[in-house]
Amino acid sequence: MELYIHIPFCVRKCEYCSFVSFPEKSEKKDEYIDLLLHESRERKEEFTEPVTTVYIGGGTPSLLSAGQLERLVCGIKENVSLEHCVEFSIEANPGTVTDDFLCMAAGLGINRISFGMQAAQARLLNTLGRIHTFRDVQESVYRAKKHKIQNISLDLIFGIPGQTLRDWEESLENAVSLDPFHISAYGLIPEEGTPLYERLAGGEITLPEQELEREMYDLALRKLAGYGYLQYEISNFAKKGYACVHNIGYWTQVPYVGLGISAASMRILKQDENGLECLRRNNPASYQAYMKMVFHRTTEEAEEEIVSPPESRFETVMLALRMNRGISEKRFSELHGVSLDACYGNKLKEMEQKGLMRHEYGAWMLTRRGMDIQNSILVEMMDDL
């Protein structure tokens with residue numbers, strides 16, 4: 001199973017960010033670590049299988065001091081065995097990592113770091129509300145490697161207001177020049193309620209044309225492949241052997257526990273001849289509600305829902321189609337006790353005839369054309385729920 005830990009602190013919230021985060025305060029960080037450790041103690045019985053991956057996300061986890069990071073990780077290890085952990089990731093904003101922090105991270109067993117580069121151009125970073133420069137990215141990557149954290153991932157965004165195809169090509173080239181093992185290339189999705197969404201709605205700025213966004217995505221596919229980055233998921237590319245194990249776990253329905261404000265969890269309630277039934281849980285998104293949940297040892301403040309066997313089957317399809325390897329017929333049967341063909345065979349064959357799906361090596365996967373309209377395909381498959 002997997003463990004996610006949410007650190008909600010930021011220097012400043014980005015214009016496009018809809019995740020739960022708020023400005024850092026030193027006293028709050030210490031108090032919040034206490035809450036995380038308390039929650040981990042209260043929920044340790046949920047760790048029914050070995051933890052194979054840990055991901056500390058945010059927010060900006062690199063705003064923790066070296067001492068706070070040590071207290072957090074060592075405290076978690078007192079409640080959760082990480083003996084079988086093969087991938088321990090932490091997110092960081094360029095320009096916020098110190099030598100002390102990275103030295104501590106490496107010493108604690110953190111072996112993967114994800115930097116939010118987003119773009120190489122100052123004007124685009126300013127549009128996104130980012131506080132770093134590309135020079136900060138270069139220095140942060142250099143520092144991480146100096147402290148023997150070689151497994152580095154860079155996040156990039158395309159479809160930014162004002163971004164040209166040449167801008168995007170330059171960002172890709174600059175990212176590759178730092179020799180990361182992993183690159184994520186996400187299309188910008190303006191979320192309602194964010195400052196960026198409001199600026200777009202008010203006509204202050206405009207998104208690139210849809211055709212240009214497609215050209216940007218196609219360029220990423222070609223250029224990253226040329227540099228030896230294998231696409232393994234719609235938005236993710238990695239050198240051989242360095243796909244993100246934690247994210248693949250999400251996409252293959254590996255159970256996970258999420259600690260912290262707004263963190264999500266998923267555990268299997270029942271798996272038998274009737275199928276797979278899961279419990280999905282989301283911790284409260286406000287600090288006060290989260291504190292109340294932890295100290296009162298109650299889940300009343302959390303949101304919980306049962307995922308029925310038919311819903312679990314659809315989630316398997318929905319998540320697996322994000323990945324290049326697609327839906328394994330064998331894995332589907334093992335999870336759900338019924339064949340993929342019995343549930344979705346007619347729809348899959350119909351998609352194959354339209355050139356949107358292909359079937360090979362015991363799996364169904366989207367074609368390049370199918371990836372372009374993935375959402376439409378999933379809407380059609382929902383009819384078979």
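The structure reproduced in this document is the subject of the present report.

About the thresholds
Residues numbered from 1 in each chain as written. Predicted model: local features only at pLDDT ≥ 70, side-chain atom pairs only at ≥ 80, totals over all residues. Heavy atoms only, no water. Buried < 20%, exposed > 50% of the residue type's maximum accessible area, 1.4 Å probe, protein only. Helix = DSSP H or I, 4+ residues; strand = E, 2+ residues; numbered from the N terminus. Pairing = 2+ DSSP bridges. Phe/Tyr/Trp six-rings, centres within 6.5 Å; stacked < 30°, edge-to-face > 60°.

### Digging into the pairing of strand β1 (residues 2-7)
Most of β1 is tucked away, with 6 of its 6 residues classed as buried. Pairing of β1 with strand β11 (residues 256-259) involves 4 bridges; the strand directions are parallel. Looking at the pairing, Ile 5 lines up with Leu 259 of β11. Bridge count between β1 and strand β4 (residues 53-58): 6 bridges; the pairing is parallel. Bridge pairing in β4 places Ile 7 opposite Gly 58.

### Some thoughts on the sheet that holds strand β15 (residues 327-328)
On the basis of which strands lie adjacent, the open sheet formed by 3 strands has the order β15-β17-β16 and antiparallel pairing. In this open sheet, the two edge strands, each paired with only one partner strand, are β15 and β16 (357-360). Sheet topology places β15 next to strand β17 (residues 363-366); 2 bridges connect them, and they run antiparallel. When the sheet's bridge partners are listed, Ser 328 is paired in β17 with Ala 363.

### Comments concerning the packing of aromatic side chains
Considering all chains together, one arrives at 10 aromatic pairs under this definition. When the centroid spacing of 6.3 Å and the interplanar angle of 40° are considered together, the rings of Tyr 32 and Tyr 287 count as tilted. Of this pair, Tyr 32 sits in helix α1 (residues 26-42) while Tyr 287 sits in helix α10 (residues 287-295), and the two are 255 residues apart along the sequence. As far as burial versus exposure is concerned, Tyr 32 and Tyr 287 are alike and both buried. For the ring pair Phe 158 and Tyr 217, a centre distance of 6.1 Å and an interplane angle of 35° mean the geometry is tilted.

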